[in-house]
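A closer look at the structure
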Amino acid sequence: MDPAVRRQLGAAAEAVEAARRGGESELAAAYGELAMTYHAYDLWDGAAAAYEQAAELDPQEPRWFYLRALVQEERGELEGARGSLQQVLALSSDHVPALVAHGRLLLALGDRGKAREQLERALELQSEHAGALFELGQLALEEGDAEAAAGRFRSLLELQPRASIVHYPLAQAYRALGDLERARRHLEERGSERFVVEDPWLEEVRAHATGASSHLARAGFAWREGRMEDAVREYRRALEADPGNLTARRDLAFALAEAGRPDEALGELRRALAAQPDQALLYYAAGELELRQRRPQEALPRLRKAVELDPDFEDGRFALARALLALGREEEAVPHLRAVLAIDPHRLAARRTLAVVLARLGRLQEAKEQLALAVATDPDDLEQRAELARLAETLGDRATAEEQYRELEARKP
């Protein structure tokens, strides 16, 4: 554990001991502070125990029940979390984050009717709540109402266009509606960026985190919300707290590039490499930035160095393959793509790229084998399945072609 975190937890525990000399209200607040400190660092067991004490000492304070529910959910204790949220809503029936969390849990537990009631009440109180829109969209999908699902997801993306995690369920809704072109487009845009929700009590927890880890977390939130200058500032603060943090150094460079300052980003990495010339992550970051600036020739030596320093560096290998492909050196890229897939057989982008490269090189049988593996990994990708069928037909493999055409027909919405 980071020494600074250990000291912070120690101080919070000492405050609990000091509060024992006061009344129950003071002791409950001290336990709450201790719980939020544990919670801020994802120390679930300590957080759960301290929230339990705070709630027992002050059963009229809904905050402790709500935060305890979030911790219980993280620990997979869904029934316990539901009970805690019911206590929150008994004390504060219109608390929107609790309504949404309760709806999400009820949906996970299979109680769709009650989940809808809670989520729709949340939207009545806060019509643009991203969490409620997302969960209601998921509920509509589960119930087969693709039109309603698409409407919920579209509304969410209008509010938060960077929430790329929403594109996948929206693509599912469009596929169910028979709009395959929109489904394909949203599948291509899918990502991992979550939507942002207002949750003052949870923000209070996050404010308890100090040191590099807290700045990194805040930088991540800022990036997801498109506040790139705020992200840059938080990454710099993380590096002030922990100058040797390579992940923070890499992400600072990427944030600077995203903010439209690529030369400054590369300057950061050059200075870091001068001080730490044996760090594969830094060479990779510099090479990746050169690739993003469409300078594969400059990227190539940096990425080769990253892979030389760490032969099992998956992202470095994939970036090196992409640089070689950008330079038209397809034969050289093949072994690096195979190395990526040896590390992570489920990396579909690498699998698809390898299939395309092999096909260009005239190695059609190998390309077919790679496409078959890609289809096995993502059987719902109809475009990929159609490509496998066409390639099998070209090779005279009627059995595979017919099997894939049957699957395509069966999977049509």
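To start, this report covers the structure provided alongside it. Nothing here was measured: the structure is a model prediction, and the numbers come from that model.

About the thresholds
- Residues numbered from 1 in each chain as written.
- Predicted model: local features only at pLDDT ≥ 70, side-chain atom pairs only at ≥ 80, totals over all residues.
- Heavy atoms only, no water.
- Helix = DSSP H or I, 4+ residues; strand = E, 2+ residues; numbered from the N terminus.
- Expected span 1.5 Å × (residues − 1).
- Buried < 20%, exposed > 50% of the residue type's maximum accessible area, 1.4 Å probe, protein only.
- Contact = heavy atoms within 4.5 Å.
- Polar contact = N/O pair within 3.5 Å; in protein donor to acceptor, adjacent residues only side chain to side chain.
- Phe/Tyr/Trp six-rings, centres within 6.5 Å; stacked < 30°, edge-to-face > 60°.
- Lys NZ or Arg CZ within 6 Å of the ring centre and 35° of its normal.
- Axes fitted to C-alpha atoms, helices over the stretch in contact; angles between N-to-C directions.
- Parallel < 35°, antiparallel > 145°, perpendicular 65-115°, else oblique.
- Left-handed = near helix turned anticlockwise from the far one by under 90°.
- Nonpolar A, V, L, I, M, F, W, Y, C, P; charged D, E, K, R; others polar.
- Core = buried A, V, L, I, M, F, W, Y, C linked by side-chain atoms within 4.5 Å.

A few words on helix 4 (residues 62-74). Each full turn of the α-helix corresponds to 3.6 residues, which orients residues three or four apart in the same direction. Helix length check: helix 4 (13 residues) gives 19 Å between terminal C-alpha atoms against 18 Å at 1.5 Å per residue, within 8%. Most of helix 4 sits out of view: eleven of its 13 residues are buried. Burial in helix 4 covers these residues: Pro-62, Arg-63, Trp-64, Phe-65, Tyr-66, Leu-67, Arg-68, Ala-69, Leu-70, Val-71 and Gln-72. On its buried face, helix 4 is in contact with helix 2 (24-40), helix 3 (44-57), helix 5 (78-91), helix 6 (96-108) and helix 12 (200-206). The opening residue of helix 4 is Glu-61, an N-cap whose side-chain oxygen sits 2.9 Å from the backbone nitrogen of Arg-63. The first or second residue beyond helix 4 is Gly-76, which carries a positive phi of 80 degrees.

With that settled, the discussion passes to helix 6. Here helix 6 is 13 residues long and its end C-alpha atoms lie 18 Å apart, about the 18 Å a rise of 1.5 Å per residue gives. The element helix 6 is extensively covered by neighbouring structure, given that eleven of its 13 residues are classed as buried. In this structure, the buried residues of helix 6 make contact with helix 4, helix 5, helix 7 (112-125) and helix 8 (130-142). Note on helix 6: the residue one or two positions beyond its end, Gly-110, has a positive phi of about 90 degrees.

Let us look at the packing of aromatic side chains. Taken as a whole, this structure holds six aromatic pairs when the rule is applied. Arranged with centres 5.2 Å apart and planes meeting at 70 degrees, the rings of Tyr-284 and Phe-313 form a pair that is edge-to-face. Highlighted residues: Tyr-284 in helix 17 (residues 280-292) and Phe-313 in the loop between helix 18 (296-309) and helix 19 (314-326), separated in sequence by 29 residues. Grouping residues by exposure puts Tyr-284 and Phe-313 together as buried. An aromatic cluster of three or more residues is present, and its members are Phe-134, Phe-153 and Phe-195. Over the aromatic face of Phe-254 sits the side chain of Arg-292, whose NZ or CZ is 4.4 Å from the ring centroid. Its guanidinium or amino end placed over the ring of Phe-318, Arg-322 lies 5.9 Å from that ring's centre, counting from NZ or CZ.

With that settled, the discussion passes to the environment of Arg-304. Mapped onto the fold, Arg-304 is located in helix 18. Take Arg-304: its relative accessible area is 34%, and that puts it in the partly exposed class. Taking the C-alpha atoms as reference points, Arg-304 and Tyr-284, separated by 20 residues in sequence, lie 8.7 Å from one another. If sequence neighbours within four positions are ignored, Arg-304 has contacts with Leu-320, Leu-324, Arg-329 and Glu-332. A polar atom in the side chain of Arg-304 sits 3.3 Å from the side chain of Glu-332.

Time to look at unusual backbone geometry. Non-glycine residue Asp-42 carries a positive phi angle of around 60 degrees. Secondary-structure assignment places Asp-42 in the loop between helix 2 and helix 3. Notably, Arg-294 is not glycine yet its phi reads approximately 60 degrees, a positive angle. The topology assignment puts Arg-294 in the loop between helix 17 and helix 18.

Before going further, it helps to spend a moment on the packing of helix 10 (residues 167-177) against helix 11 (residues 180-189). The N-to-C vectors of helix 10 and helix 11 enclose an angle of 165 degrees; their axes lie 8 Å apart at closest approach. Of the possible angle classes, the one that applies to helix 10 and helix 11 is roughly antiparallel. At the point where helix 10 passes helix 11, the crossing takes the left-handed sense. Each of His-167, Tyr-168, Leu-170, Ala-171, Tyr-174 and Arg-175 in helix 10 lies in contact with helix 11, whose residues at this interface are Leu-180, Arg-182, Ala-183, His-186, Leu-187 and Glu-189. For the contact of helix 10 with helix 11, the class distribution of residues is seven nonpolar, two polar and three charged.

Take the nonpolar core next. Within the largest apolar cluster, 62 residues are counted, with the highest numbers of intra-cluster contacts made by Tyr-31, Tyr-51, Tyr-66, Leu-67, Leu-156 and Val-166. Sort the elements by how many residues they give to this core and helix 6 lands first, with eight residues. Sequence-distant contacts of Tyr-51, that is, excluding residues within four places in its chain, are made with Gly-32, Ala-35, Met-36, His-39, Trp-64, Leu-67, Arg-68, Val-71 and Val-205.

So far we have only geometry, and geometry alone does not tell us how the molecule works.
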